[in-house]
Amino acid sequence: MATGDIGLIGLAVMGQNLILNMNDKGFNVVAFNRTTSKVDAFLENEAKGTNVQGAWSIEELCSKLKRPRKVILLVKAGDAVDAFIEQLVPHMEPGDIIIDGGNSHFPDSNRRTKELSAKGLLFVGSGVSGGEEGARHGPSLMPGGNPEAWPHIKEIFQKASAQAYGEPCCDWVGPEGAGHYVKMVHNGIEYGDMQLISEAYDILKRGLDLSESEIADIFLTWNKGVLDSFLIDITANILKFNDDDGQPLVTKILDQAGQKGTGKWTAIAALDAGSPVTLIGEAVFARCLSALKEERIRASKAIAGPAKEAFKGDKKQFIDDLEQALYASKLISYTQGFMLMRETAKEMNWELNYAGIAKMWRGGCIIKSVFLSDISKAFLKKLDLESLLFDDFFNKAIENAQPGWRRVVAQAVLWGIPTPAFSTALAFFDGYRSEILPANLLQAQRDYFGAHTFRVLPGKENDKLQPGKDIHINWTGRGGNVSASTYIA
Ligand code: NBP
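Residues numbered from 1 in each chain as written. Predicted model: local features only at pLDDT ≥ 70, side-chain atom pairs only at ≥ 80, totals over all residues. Heavy atoms only, no water.

1. Examining the overall build of the protein chain
Then, in step 1: A count of helices and strands for the protein chain gives 19 helices and 10 strands.
Then, in step 2: Within the protein chain, contacts between residues at least 6 apart in sequence are counted, and of these 68% link residues at least 24 apart.
Then, in step 3: For the protein chain, the exposed surface amounts to about 23,400 Å²; the carbon and sulfur share of it is 54%.
Then, in step 4: Seen as two clouds, the 53 positive and the 60 negative side-chain charges of the protein chain have centres 1 Å apart. (Helix = DSSP H or I, 4+ residues; strand = E, 2+ residues; numbered from the N terminus. Contact = heavy atoms within 4.5 Å. Areas by Shrake-Rupley, 256 points an atom, 1.4 Å probe, with all protein chains shown as cover. Lys, Arg positive; Asp, Glu negative; His and termini not counted. Charge placed at Lys NZ, Arg CZ, Asp CG, Glu CD.)

2. Some thoughts on the sheet that holds strand S3 (residues 53–54)
Then, in step 1: If you walk across this open sheet you meet the 8 strands as S3-S2-S1-S4-S5-S6-S7-S10, and the pairing is mixed. Edge strands, defined here as strands with exactly one partner in the open sheet, are S3 and strand S10 (174–175).
Then, in step 2: Sheet strands touched by helix H4 (residues 79–88): strand S1 (6–9), strand S2 (29–32), strand S4 (70–73), strand S5 (97–100) and strand S6 (122–129). Its angle to S4, the strand with the most contacts, is close to 160°. (Pairing = 2+ DSSP bridges. Axes fitted to C-alpha atoms, helices over the stretch in contact; angles between N-to-C directions.)

3. Concerning the site of the ligand
Then, in step 1: In the neighbourhood of the ligand, 19 residues make up the surrounding shell, with Met-14, Asn-33, Arg-34, Thr-35 and Lys-38 lying closest.
Then, in step 2: A distance of 3.4 Å separates an oxygen atom of the ligand from a polar atom in the backbone of Val-13.
Then, in step 3: Alone, the ligand offers 900 Å² of accessible surface; in the complex the protein occludes 71% of this.
Then, in step 4: Elements supplying a minimum of two residues to the shell around the ligand: helix H1 (13–24) and H4.
Then, in step 5: Split by residue class, the shell around the ligand holds 10 nonpolar, 6 polar and 3 charged. (Near = heavy atom within 4 Å. Polar contact = N/O pair within 3.5 Å; in protein donor to acceptor, adjacent residues only side chain to side chain. Nonpolar A, V, L, I, M, F, W, Y, C, P; charged D, E, K, R; others polar.)

4. Some remarks on the environment of Lys-346
Then, in step 1: As for its position among the elements, Lys-346 is in helix H14 (residues 315–348).
Then, in step 2: The class for Lys-346 is exposed, based on a relative accessible area of 58%.
Then, in step 3: Spatially, the C-alpha atoms of Lys-346 and Glu-294 are 44 Å apart, while their sequence positions differ by 52 residues. (Buried < 20%, exposed > 50% of the residue type's maximum accessible area, 1.4 Å probe, protein only.)

5. Details of the packing of aromatic side chains
Then, in step 1: Under the criterion given, the structure shown has 21 aromatic pairs.
Then, in step 2: Aromatic side chains Tyr-448 and Trp-475 sit 6.2 Å apart centroid to centroid with 35° between the ring planes, which places their arrangement in the tilted category. Here the residue Tyr-448 occupies a position in helix H19 (residues 439–450), and Trp-475 occupies one in the segment after H19, the gap between them amounting to 27 residues.
Then, in step 3: Through a chain of ring-to-ring contacts, the aromatic side chains of Tyr-327, Tyr-334, Phe-371, Phe-393 and Phe-394 assemble into a single cluster.
Then, in step 4: Just above the ring of Tyr-191 sits the side chain of Arg-287; from NZ or CZ to the centre is 3.7 Å. (Phe/Tyr/Trp six-rings, centres within 6.5 Å; stacked < 30°, edge-to-face > 60°. Lys NZ or Arg CZ within 6 Å of the ring centre and 35° of its normal.)

6. What about the UniProt feature "binding site: substrate" (unreviewed entry) in the protein chain?
Then, in step 1: The UniProt record marks Asn-103, Ser-129, Gly-130, Gly-131, His-186, Asn-187, Tyr-191, Lys-260, Arg-287, Arg-446 and His-452 with the feature "binding site: substrate" (unreviewed entry), using the residue numbering of this structure. Across 350 residues, the annotated set is spatially dispersed, with a maximum C-alpha separation of 50.0 Å.
Then, in step 2: Among the secondary structure elements, Gly-130 is positioned in the loop between S6 and helix H6 (131–137).
Then, in step 3: Excluding residues within four positions of it along the chain, Gly-130 makes contact with Gly-364 and Cys-365.
Then, in step 4: Assignment of secondary structure puts Gly-131 in helix H6.
Then, in step 5: Classification of Gly-131 by relative accessible area gives partly exposed; the value is 33%. (UniProt positions renumbered as here; feature names shortened; annotations may be inferred.)

7. Notes on the pairing of strand S7 (residues 140–145)
Then, in step 1: The buried fraction of S7 amounts to 6 of the 6 residues, a majority that puts the element mostly inside the structure.
Then, in step 2: Alternating positions in S7 separate into two faces, Ser-140, Met-142 and Gly-144 on one and Leu-141, Pro-143 and Gly-145 on the other, with burial throughout.
Then, in step 3: Relative to S7, S6 runs antiparallel, the two sharing 6 bridges. Directly across from Ser-126, in S7, lies its bridge partner Pro-143.
Then, in step 4: As judged from the 2 bridges shared by S7 and S10, these two strands associate in the parallel manner. The residue of S10 that forms the bridge with Gly-145 is Pro-175.

8. Let's talk about the environment of Lys-205
Then, in step 1: Relative to the helices and strands, Lys-205 is located in helix H8 (residues 178–207).
Then, in step 2: Linking Lys-205 and Ile-215, residues 10 residues apart in sequence, is a C-alpha distance of 7.6 Å.
Then, in step 3: Filtering out sequence-adjacent residues up to four positions away, Lys-205 remains in contact with Leu-210, Glu-212, Ile-215 and Thr-251.

9. Structural notes on a nonpolar patch on the surface
Then, in step 1: A surface patch of nonpolar side chains, about 290 Å² in accessible area, is lined by Phe-241, Leu-249 and Ile-253.
Then, in step 2: Inspection of the secondary structure puts Ile-253 in the loop between helix H10 (230–240) and helix H11 (261–273).
Then, in step 3: Given a relative accessible area of 54%, Ile-253 falls into the exposed group. (Patch = residues over 30% accessible without salt bridge, like charges linked within 9 Å, V, L, I, M, F, W, Y side chains within 5 Å. Salt bridge = Lys/Arg side-chain N within 4 Å of Asp/Glu carboxyl O.)

10. Considerations on the state of the cysteines
Then, in step 1: In total, this model carries 0 disulfides according to the counting rule given.
Then, in step 2: For the unlinked cysteine Cys-170, the closest cysteine sulfur is that of Cys-169, found at 8.8 Å.
Then, in step 3: Taking the relative accessible area as the measure of exposure, Cys-170 reaches 2% and is therefore buried. (Disulfide = S-S within 2.5 Å.)

11. Focus: the packing of H8 against H10
Then, in step 1: It is at 11 Å that the axes of H8 and H10 come closest, and there the two elements cross at 45°. Considered as vectors, H8 and H10 are oriented oblique to each other. In terms of crossing hand, the pair formed by H8 and H10 is right-handed. Between H8 and H10, the contacting residues are Asp-193, Met-194, Ile-197 and Tyr-201 on the first element and Leu-231, Ile-232, Thr-235 and Leu-239 on the second.
Then, in step 2: Along the lines of polarity and charge, the residues of the contact of H8 with H10 split into 6 nonpolar, 1 polar and 1 charged. (Parallel < 35°, antiparallel > 145°, perpendicular 65-115°, else oblique. Left-handed = near helix turned anticlockwise from the far one by under 90°.)

And the structure:
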């Protein structure tokens, strides 16, 4: 008789730890891996003494599972996922569930949901965040796909996930690739948070000439306030960590960051959606710039910046300003991330649970922070909240943060210390709150050189400038009156 509650394919770091986690929560897991010797090794070592069962073929795996069968794939994203789906299908029955817990790109999950639905099978693409530690003790889980699967996997998922504030860091995200989409945005936000913290470190180090230990103490203080989060906490620990010679280890690390797919995917998705997710974009580009180490060394010798001047103001005030700048910029980053999800949801016809998404990120993942509780409260107050900046709590918070935020960005510019994330956050904020932007001039330029037409500003209509019409003006008296067929460039 089949006794397995769930099967898991992929016995690398994530798979093994998630199996042990689900076993601890009382579920019977059947383990399989392409290289089957890893099944033996796992059962003889990490899983010894547990209720985990092994399977040495896909057929055996499926035969050991209760119906509807549930199989999680935790394998390398891409072809490996499709290869396993192809092998699983002949051994499954209508209503069985295939879950991809890897870092798959959401268009693949959109496709897999449709393809499996046509075969009567239920596909779930689930974001799994928190790395090895999360998988073992409770990750943030972001499942999306065929909604019929959710009642069958809910208990396992919500028990295996991290718990924060008495609630599971897992809820149903939405249809098709929505789970992997939200995980992608989560990773993009992670890029933004890390870049902002790194800029704050740079300002404190190069601007205020503080030591790593002094900066760590500042981060520890911040971690007791509105910035309380996993990333601020580990940053303080990193800055306190000394090498054998007593020097901070961080000062010996090559200042060259790589970037894997997900941050770039978020930036590309934002461009595709026409959504101004500037901070994550800058965070990705900042890593690209850091990678140009050799060129930067040459440029540092050839190109002069402002002369270094000791800070003459009130250091304590400036450090408080920096805390506010970090908070406000982070708020902008999350505002942009949620705007992107809203825009995509509209385009894809997905209904996303924004308060639930914020709650899912409160534990088990890299961006966990107290700030996310305030975000979930904002969406619970108003389910269709257009932007976090319209929420009373955040509106007041950013108003309070504004003076300090501006002083920090201005001072960094005077020092010549790059703050792409702080600066783009402020530029977005000023753009977002501007009723009038200079896009009127852009439109005039486009009509002048390419007859691309423009529309009239409401209230400025006249006989020549008709409302709702695409208007072309003969700006020079030399061109013709024929306009281009494309209004939007
Ligand atoms: P890996 O991403 O290193 O994948 C290892 C597993 O994939 C092994 O079971 C391996 O089988 C299998 N595999 C590979 Br590689 N190529 C295959 C192929 N062509 N056909 C079938 N199986 C193949 O494992 P991981 O680091 O545990 O990550 C698993 C998934 O979770 C990935 O999508 C990853 O992006 C995602 N993720 C990872 C983390 C993390 O912190 N590591 C965090 C969140 C999400 P074999 O043993 O036979 O080679």
